[in-house]
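# Descriptive structure summary
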Amino acid sequence: MSTPFEFCPHCMNPMLEIQEGGYPRYRCDQCGFVQYLNPASAAGVLVVDGGRVLLVKRKYDPYRGLWVIPSGFIEYSEDIRGTAVREVEEETGLTVRLEGLHAVESCFDDPRGNAVLVVFDGHVTGGEMRAGDDAEDVDFFPLDRLPEIAFEAHRKILGALSNS
Ligand SMILES: [Zn+2]
């Protein structure tokens, strides 16, 4: 949730903006409900094979047509590792096994709202590569010849990889 409620979702009273520890909170003074604005959480998988990295081309806005590390938002009741594996399979057709944590980054340039992105290392265990779900295309790219990448967090992670 990235935008404050104008009215309390419980009693429809207009919400008031208050400050708490330097951050805005949105409070209903009728029933006491407080809306906290927290970043959404997302998970993805970095698959590097023979010096090439698996990327997907975004089919929808924001940043339609640019490339990203396969990733997506975590469902409320979903384990974060399950999200990572599911997103790769949905977007690329490939099944992956996770190896470990690669990076955690804050994201401030998604117009849908701020997020925290957790990226695991992984390797392909099966499946057949095809673009699916919200991906327009999928491919492996040499680390020194990457296409145009969406999102600062993804550029940072891939940039560090190219320079290592
Ligand atoms: Zn209320």
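For the structure given in this document, a descriptive report is provided here. Note on numbering: residues in each chain are counted from 1, in written sequence order. Reporting of local features is limited, given that this is a predicted model, to residues whose pLDDT is at least 70; pairs of side-chain atoms are given and counted only at 80 or more, and all residues count toward the totals for whole chains, interfaces and linings. Hydrogens and waters are ignored; side-chain quantities use all the structure's heavy atoms.

## A short note on the sheet that holds strand β1 (residues 16-20)
Selection criterion: If DSSP finds at least two bridges between two strands, the strands pair. Secondary structure follows DSSP: runs of H or I at least 4 residues long count as helices, runs of E at least 2 residues long count as strands, and numbering of each begins at the N terminus.
The three strands lie next to each other as β1-β2-β3, forming an open sheet whose pairing is antiparallel. Two strands in the sheet have a free side with no partner beyond their single neighbour: β1 and β3 (34-35). Here β1 runs beside strand β2 (residues 23-27); their pairing, made up of five bridges, is antiparallel. Looking at β2, one finds that glutamine 19 is bridged to proline 24.

## Some thoughts on the sheet that holds strand β4 (residues 40-46)
To be explicit about the condition: Axis definition: a line fit to C-alpha positions, over the contact stretch in the case of helices; interaxial angles, taken between N-to-C directions, run 0 to 180 degrees. Throughout, a residue-residue contact means that at least one pair of heavy atoms, one from each residue, lies within 4.5 Å.
Spatially, the four strands line up as an open sheet ordered β8-β4-β10-β9, and their pairing is mixed. With one partner strand each, in any of the chains shown, β8 (71-73) and β9 (94-107) form the two edges of the open sheet. Taking each pair of neighbouring strands and ignoring which way they run, the sheet shows an average axis angle of 25°. With three bridges joining them, β4 and β8 adopt antiparallel strand pairing. Counterpart to alanine 42 in the pairing with β8 is phenylalanine 73. Helix-sheet contacts for helix α1 (residues 80-92) involve β4, β8, β9 and β10 (115-127), and the interaxial angle to β9 is about 110°. Of the strands in this sheet, β4, β8, β9 and β10 are in contact with helix α2 (residues 152-162), which crosses β9 at around 110°.

## Thoughts on the coordination of the zinc ion
Using the following cut-off: In this description, a donor is an N, O or S atom within 2.8 Å of the metal centre, a cutoff extended to 3.2 Å for sodium, potassium and calcium. Water is not part of the atom list, which can make sites seem incomplete. Only two sets of limits are used to name each site, 85 to 135 degrees for every angle of a tetrahedral four-donor site, and over 155 degrees for opposite donors with all other angles from 65 to 115 for a square planar four-donor or octahedral six-donor site, with any other site named irregular.
Coordination of the zinc ion by the protein comes from Cys8 (SG), Cys11 (SG), Cys28 (SG) and Cys31 (SG), over a distance range of 2.3 to 2.4 Å. The site at the zinc ion holds four donor atoms, and with the angles between them running 96 to 122°, its shape is tetrahedral. Donor residues for the zinc ion sit on one chain with the sequence pattern C-x2-C-x16-C-x2-C. Taken as a pair, cysteine 11 in the segment before β1 and cysteine 28 in the loop between β2 and β3 lie far apart in primary sequence, 17 residues in all.

## Description of the packing of aromatic side chains
The following threshold applies: Ring geometry is summarised as follows: Phe, Tyr and Trp rings, the Trp one being its six-membered ring, pair when their centres sit within 6.5 Å, and such pairs are stacked at plane angles under 30 degrees, edge-to-face over 60 and tilted between the two. The cut-offs for exposure are 20% and 50% of the maximum accessible area for each residue type, with area from a 1.4 Å probe on protein chains only; residues under the lower value are buried, those over the upper are exposed, and the others partly exposed.
Within this structure, the stated rule accounts for three aromatic pairs. Relative to phenylalanine 151, the ring of tyrosine 63 lies with its centre 4.9 Å away and its plane at 85°, an arrangement referred to as edge-to-face. Remark: phenylalanine 151 occurs in the loop between β11 (135-142) and α2 and tyrosine 63 occurs in the loop between β6 (52-58) and β7 (67-68); sequence separation between them is 88 residues. With a relative accessible area of 8%, phenylalanine 151 lands in the buried category.

## A few points about the pairing of β10
By the bridge criterion, seven bridges tie β4 to β10 in an arrangement that is parallel. Counted as the bridge partner of leucine 46 is aspartate 121 from β10. Pairing of β9 with β10 involves twelve bridges; the strand directions are antiparallel. By the bridge assignment, arginine 97 is partnered in β10 with histidine 123.

These figures come from the coordinates and say nothing about function on their own.
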